[in-house]
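# An overview of the molecular structure
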Amino acid sequence: MLITFLTRVLQRMAKPRVHLLLVGAIILWVALSVLLFQMLIFSQSPQQSLQKQKSYHRQHQHNPNKSIIQRKYDEKRGGKKARQLLLQQPISQSVQLPIGNLMNQIQAVVAKAAKPAVLSADINTGDDPELLPLGEQSLGKSSDQKMPRMGVLMIACNRTYYLRQSLGQLIDIRANTISRFAVRYGGGNVTNLSREMRAMLALPLMVSLDCDPKNTLPTLQEMAKGSQGAVRKILLHPAAMTPVPGLSKEQRKLEGYYRIARHYHWAVGAAFRSFKGAIDQLIVVEDDLTFSPDFFEYFLALGPLLATDRSLMCVSAWNDNGKSWMIEPEDEHGRSTLHRTDFFPGLGWLLSRRLWEEELADSWPAAFWDDWLRHWTRMRNRTCIRPEISRTSTIGEKGVSKGQFFSDHLQHIQHSRGYAPFFEVRHRLWHQLKVANYETTFRLSVYEDSKEIEPYRMKYLPESKESNSTYRITYYTRREFEHIADMFGLMRDFKVGVPRTAYMGVVSFIYHGYRVFLAPPDTRKAYIKEWN
C-alpha cells in the first residue's frame, strides 16, 4: 500500500511543474540559511569564541565553596570586587560553626582556585591582589611589626617521592594551623580574625625546582592544583640543566654542592621578589624534611622576635643533637623549651628580608652555603634560636651528601609529635630569649648551679626521672671534646671553632634524665677558630 501511495503522489507532482519549482525554492532557501549562519559563526576569532565560552562558564558554574549569600552577591555585583568586599565582612557572631565543618569555611575564605604561576628567570613582581589571601590586598606593606608576614620556600630537585611526602605535610599543617587560630582567636570563624592576623596566616607556599623537572613538575602541578590555593608559586630554576661553569677538576667532583648553592641563591631571591611588599620573612625548607604539627606556629611566634632583636640571625626548627634519648621528654615543658645557639642549624629556618637584601644576596658563595653562613664574618656575634625537640626531621638518605652523618646521627633525630601553642605564650618566650636575660640565666645554670663531674662517672649515676639535677663536664682541647662527644653520641665536628648546638662554647644535652653541660673552662671567653 505504501508503494502505491508514493506512486500516486509522484504522478500528481509530475503533472504540474509548479510543485517541483516550489520544492526547489525551499531547498535553496534552507541552503542559503545554513551558509549565512556558518559565515556569522566563523567571522569571530578563535580567541573571542574561547573567551565567550569561558565567560559563560564562569557566570554559570556552581562553586560548592561559595555560600548562597556570596553567590547572590557575585551575581548582583559581578566578579572580583564583590568577593574582595565580601571577605572583609565578618560572619555574624551568633552563627556557631561545628568544628567538623570548619575546614569547609577555611577553604571558602582562604582558598583561591587560581592555577599557580610557573616562573622562570623572569619574575613577576606585580602580583594580582586577588591572589594575596586573607586580606593582604587591604594591608599594602606590612605595618604591624608584631606580626611579620611569612612566605614558605621549598627547595626541591628530582626526588619525586620526597617532594610528595614533604609538601603534602606542609599543606596539611598549614590548614591545621589556620583552623587552630580560627578556633582560638576567632570563635571558629576565620573572618573574625583581625586583618593583620589573617595576613600573617596566609603563609604562601612556593616550590623551586632544580635538576630535570620532567618527572617532578607534573607531580608538583597536581599537588598544587589540589592544595586549595596553599601552593602559590612554582619556580623553575632557569639554569637547572646547565653545568656550573669555571670549575676545576677537583671542584667538578663536588659539583652537586655548587649546583645547590646556585639554586638556593636564585630561589631565595626569586621568592622575595615574587612577593615584594607582601612578605617580610621566609621559611626555607628542603624536599627531604618532615615536620611537626606545630611547625608553623613555632615560626609565627618567633618571627616578631627575629624582626626586632638584632642579636639574632635566624630561627631554626632543628636540633643537631636532638636524638630522643638526648633531649627532654616529649611533654609540655620539653616541647616548649627553646635555646640560643652560636651555630647555624639550618634544616627548616627563618630568614628575614632585611638580612637577605643587606648582607647575603650580593655575596652568596659558589658552594657550601651553610658552612659559609656559619663563618664568624657572617654570624657577627649573632645567634640563632633552636628548639630542644626538633620541629623537623630528615628522610634524605639519598642526596648530594650521599648520606653523610645519616646512619649515625640524622636518622635518629625525630621531630615533635605533639603541639605546643607557642603563639599564646610568645611574650614570655621573647622575655626569656632576650639576649641579656638568656645569657645571665645560662651562665648561672652552667657554671654555678651545676655540679662538675668526670665523664666516665656519669654512667654510674642512678637514672633520673627529672632533669632538675645538672652536671658539667669540662673540656680543654679539641681532641678532648671529640672524645667526650663520642662517649655520649654527640655530633663531634666544629665549624670555625664552634661545635654544633653550642652557645658560649657549651653543648647542652640530656643523659639518663640529667641535664649535662659539655663546657669549656669559665675563663675561656672566645671560640678557637682554628678548631675546624
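Residues numbered from 1 in each chain as written. Predicted model: local features only at pLDDT ≥ 70, side-chain atom pairs only at ≥ 80, totals over all residues. Heavy atoms only, no water.

### Some points on the side chain of Glu328
For clarity, the threshold we go by: The helix and strand labels rest on DSSP assignments: H or I over at least four residues marks a helix, E over at least two residues marks a strand, and numbering proceeds from the N terminus. Throughout this description, a polar contact denotes any pair of N or O atoms lying within 3.5 Å of each other; where both atoms belong to protein, one of them has to be capable of donating a hydrogen while the other can accept it, and for residues adjacent in sequence the pair is counted only when both atoms sit in side chains.
Topologically, Glu328 is positioned in the loop between β7 (312-316) and α13 (332-336). One polar contact links Glu328 to Thr337, side chain to side chain, over a distance of 3.5 Å.

### A look at the sheet that holds strand β12 (residues 451-452)
Adjacent strands of a sheet form backbone hydrogen bonds with each other and so pair up, either parallel or antiparallel. Rule in force here: For two strands to count as paired, DSSP must find a minimum of two bridges between them.
Here four strands make up an open sheet; going across it, the order is β12-β13-β17-β16 and the pairing mixed. On the outer flanks of this sheet lie β12 and β16 (507-511), each paired with one strand and no other. As paired elements, β16 and strand β17 (residues 514-519) share five bridges and run antiparallel to each other. Bridging from a neighbouring strand, Val507 pairs with Leu518 of β17.

### Considering the pattern of salt bridges
Quick reminder of the rule: When a carboxyl oxygen of Asp or Glu is within 4 Å of a side-chain nitrogen of Lys or Arg, the pair counts as a salt bridge.
Applying the stated criterion across every chain, the model contains 26 salt bridges. A salt bridge links Asp287 to Arg159, with the shortest nitrogen-to-oxygen separation between them at 2.7 Å. Separated by 128 residues along the polypeptide, Asp287 in the loop between β5 (281-286) and β6 (289-291) and Arg159 in the loop between β2 (150-156) and α7 (160-186) bring together distant segments of the chain. Between Arg515 and Glu328 there is a salt bridge, with its nearest N and O atoms 2.8 Å apart.

### Some points on the confidence of the model for the chain
Close inspection of predicted coordinates is inappropriate in any region flagged by low pLDDT. Keep this limit in mind: What pLDDT reports is the predictor's confidence in each residue, on a scale of 0 through 100. When checking whether two residues touch, look at their non-hydrogen atoms; a contact exists if any pair is within 4.5 Å.
Mean pLDDT over the chain stands at 81; residues scoring 70 or higher make up 70%. Within the model, pLDDT remains below 50 along residues 40-103, and this stretch shows 48 contacts once partners closer than five positions in the same chain are excluded. Counted against residues more than four places away or in other chains, residues 120-145, with its pLDDT under 50, gives 58 contacts.

### Looking at the packing of helix α12 (residues 295-308) against helix α17 (residues 426-433)
Convention followed: To get an axis, a line is fitted to the C-alpha atoms, and for a helix only the part in contact is used. The angle between two axes follows their N-to-C directions and goes from 0 to 180 degrees. Should an angle fall under 35 degrees it is taken as roughly parallel, and over 145 as roughly antiparallel, whereas 65 to 115 is taken as roughly perpendicular and any remaining angle as oblique. Two helices that cross are described as forming a left-handed crossing if the nearer one is turned anticlockwise from the farther one by less than a right angle, and a right-handed crossing if clockwise. Here the term charged refers only to Asp, Glu, Lys and Arg, the term nonpolar to Ala, Val, Leu, Ile, Met, Phe, Trp, Tyr, Cys and Pro, and the term polar to all other amino acids, Gly among them.
The contact between α12 and α17 brings their axes to 10 Å, and the two run at 45 degrees. As far as their axial angle goes, α17 and α12 are oblique. Judged by the sense of rotation from one axis to the other, the crossing of α12 with α17 is right-handed. Two secondary-structure elements touch here, α12 through Ala301, Leu302, Pro304 and Leu305 and α17 through Arg426, Trp430 and Leu433. Here the contact of α12 with α17 is composed, by residue class, of six nonpolar, no polar and one charged.

### Quick look at the pairing of strand β9 (residues 349-352)
Let me state the cut-off plainly: Remark: exposure states derive from per-residue accessible area (1.4 Å probe, protein chains only) relative to the maximum for the residue type, with buried under 20%, exposed over 50%, and partly exposed in between.
Here β9 shows no split at all, with Trp349 and Leu351 on one side and Leu350 and Ser352 on the other all buried. Relative to β9, β7 runs antiparallel, the two being bridged by two bridges. Considered in β9, the bridge of Ser316 is made with Trp349.

### What to know about the state of the cysteines
Should the sulfur atoms of two cysteines be covalently bonded, the bond is a disulfide. We count it as follows: Working definition: a disulfide is two cysteine sulfur atoms within 2.5 Å of each other.
Across all of its chains, the model carries two disulfides by this definition. Between the sulfur atoms of Cys157 and its disulfide mate Cys211 the distance is 1.5 Å. Sign of the S-S torsion, about -85 degrees for the bond between Cys157 and Cys211, identifies this disulfide as left-handed. Here the residue Cys157 occupies a position in the loop between β2 and α7, and Cys211 occupies one in the loop between β3 (205-209) and α9 (216-225), the gap between them amounting to 54 residues. Across the disulfide from Cys314 sits Cys384; the S-S distance is 2.2 Å. Judged by the sign of its S-S torsion, about 120 degrees, the cystine formed by Cys314 and Cys384 is right-handed. In this pair, Cys314 is assigned in strand β7 and Cys384 in strand β10 (residues 383-387), connecting sequence segments 70 residues apart. For the pair shown, Cys314 and Cys384 are each scored as buried.

### Quick word on the packing of aromatic side chains
The condition is simple: Stacked, tilted and edge-to-face pairs are distinguished by plane angle, under 30 degrees for stacked and over 60 for edge-to-face with tilted covering the rest, among Phe, Tyr and Trp rings (Trp via its six-membered ring) whose centres lie within 6.5 Å. Only lysine NZ and arginine CZ atoms are considered, and such an atom sits over a ring when it is within 6 Å of the ring centre and within 35 degrees of the ring normal.
By the definition in use, this model includes 28 aromatic pairs. The interplanar angle of 70 degrees and the centroid separation of 5.1 Å between the aromatic rings of Tyr298 and Phe299 together place this pair among those described as edge-to-face. Centre to centre, the rings of Phe494 and Trp531 are 5.5 Å apart; their planes meet at 85 degrees, and the pair counts as edge-to-face. Of the two residues, Phe494 is situated in strand β14 (residues 494-495) and Trp531 in the segment after β17; the sequence distance between them amounts to 37 residues. As far as burial versus exposure is concerned, Phe494 and Trp531 are alike and both buried. Feature note: the residues Tyr264, Phe344, Trp349, Trp356, Trp364, Trp369 and Trp372 constitute an aromatic cluster, connected by ring pairs. Here the basic side chain of Lys233 rests over the ring of Phe275, its NZ or CZ set 5.5 Å away from the ring centre.

### Some words on the packing of α7 against α9
In the contact formed by α7 and α9, the axes pass within 10 Å of each other and the chain directions differ by 20 degrees. Overall, the two elements α7 and α9 adopt an arrangement that is roughly parallel. At the point where α7 passes α9, the crossing takes the right-handed sense. Contacts between α7 and α9 involve Thr160, Leu163, Arg164, Leu167, Gly168 and Ile171 on the former and, on the latter, Thr216, Thr219, Leu220, Glu222 and Met223.

### A few points about the environment of Glu297
One can find Glu297 in helix α12. Residue Glu297 is classed as buried on the basis of its relative accessible area of 0%. Apart from the residues lying within four places of it in its own chain, the contact partners of Glu297 are Thr177, Phe181, Arg184, Tyr419, Ala420, Pro421, Phe422, Phe423 and Glu424. At 3.1 Å, the side chain of Glu297 forms a polar contact with the backbone nitrogen of Phe423.

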